[in-house]
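Observations on chain architecture
This is what each chain is made of:
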Amino acid sequence: MTRRDRPDPGLARRVADVVATIPPGRVLSYRDVAELAECRSPRVVGTVMARNPTGEDLPWWRVVTVQGTLADHLQAEARDRYREEGTPLREDDRHLVRVDMDRALWTPGSSGA
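Per the secondary structure count, the chain includes five helices and four strands. Shown N-terminal to C-terminal, the secondary structure of the chain runs as helices and strands in the order α-β-α-α-β-α-β-β-α.

Rendered as structure tokens:
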């Protein structure tokens, strides 16, 4: 395994800390998490989350693209979780589910849901 394959443990911890604070029914974009975790790229956040080096059970469905979508293979499970949490959704022809970013985007420091 090369250095490039191993996520920075400090970065992994920062990403996990940010994701763990997102309240139920709310979301952040990968770009938002990158900014809050002091990470250079939203793609790196996605890689860190996919590899999950902290081993924590994080609410991955609360981190979406800026358009409010997730990868197709995550759609079914995310939809159930969104409905359970009352996350505002917008259904469309292109994706099974899309988070309504105008209503669901969380601002850290706000009251949450």
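Structure's up, so let's keep going.
Glancing now at the packing of helix H1 (residues 9-21) against helix H3 (residues 42-51). The geometry of H1 relative to H3 is characterised by a closest axis approach of 10 Å and an angle of 90° between their N-to-C directions. One element, H1, and the other, H3, form an angle in the roughly perpendicular class. For the pair H1 and H3, contact is made by Leu11, Ala12, Val15 and Val19 and by Val44, Val45, Val48 and Met49, respectively. Across the contact of H1 with H3, the residue classes tally to eight nonpolar, no polar and no charged.

Below, the discussion takes up the nonpolar core. Counting 19 residues, the largest nonpolar core has Val15, Val19, Val33 and Val45 as its most contacted members. When residues of this core are assigned to their parent elements, the largest contribution, six residues, is made by H1. The residues touching Val45, leaving out its near neighbours within four places in the chain, are Val15, Tyr30, Val33, Ala34 and Cys39.

Here the focus is empty space enclosed by the protein. Tallied over the full model, the rule gives one cavity of 30 Å³ or more. Roughly 40 Å³ of internal volume is contained in the largest cavity. Contributing elements (two or more residues each) for the lining of the largest cavity: H1 and H3. Looking at the lining of the largest cavity, the element that brings in the most residues is H1, giving three residues. Residues belonging to the lining of the largest cavity are distributed by class as follows: seven nonpolar, two polar and no charged.

Considering all chains together, one arrives at five salt bridges under this definition. Of the charged contacts, one joins Asp100 and Arg103 as a salt bridge, the two residues approaching to 3.4 Å between their closest N and O atoms.

With that settled, consider the side chain of Asp100. Within the secondary structure layout, Asp100 lies in the loop between strand S4 (98-99) and helix H5 (101-104). Accessibility expressed as a relative area gives 9% for Asp100, which makes it buried. Ignoring anything within four residues of it in the chain, the contact list for Asp100 reads Pro88, Leu89 and Arg90.

A few words now on the environment of Val63. Take Val63: it is sitting in strand S2 (residues 63-64). The spatial distance from the C-alpha of Val63 to the C-alpha of Leu28 is 5.1 Å, given a sequence separation of 35 residues. Contact partners of Val63, with chain neighbours within four places excluded, come to Val19, Ile22, Leu28, Ser29, Tyr30, Val33, Met49 and Leu70.

The next subject is unusual backbone geometry. We note that Glu38 has phi near 55°; this positive angle belongs to a residue other than glycine. Tracing the backbone shows Glu38 in the loop between helix H2 (30-36) and H3. Taking relative accessible area as the criterion, Glu38 reaches 66% and is therefore assigned exposed.

Conventions we followed
Residues numbered from 1 in each chain as written. Predicted model: local features only at pLDDT ≥ 70, side-chain atom pairs only at ≥ 80, totals over all residues. Heavy atoms only, no water. Helix = DSSP H or I, 4+ residues; strand = E, 2+ residues; numbered from the N terminus. Axes fitted to C-alpha atoms, helices over the stretch in contact; angles between N-to-C directions. Parallel < 35°, antiparallel > 145°, perpendicular 65-115°, else oblique. Contact = heavy atoms within 4.5 Å. Nonpolar A, V, L, I, M, F, W, Y, C, P; charged D, E, K, R; others polar. Core = buried A, V, L, I, M, F, W, Y, C linked by side-chain atoms within 4.5 Å. Buried < 20%, exposed > 50% of the residue type's maximum accessible area, 1.4 Å probe, protein only. 1 Å grid on protein atoms, 1.4 Å probe; cavity = no way out; pocket = protein on both sides within 12 Å on 5 of 7 lines; lining within 4 Å. Points joined across faces, edges and corners; volume = space filled by probe spheres on them. Salt bridge = Lys/Arg side-chain N within 4 Å of Asp/Glu carboxyl O.

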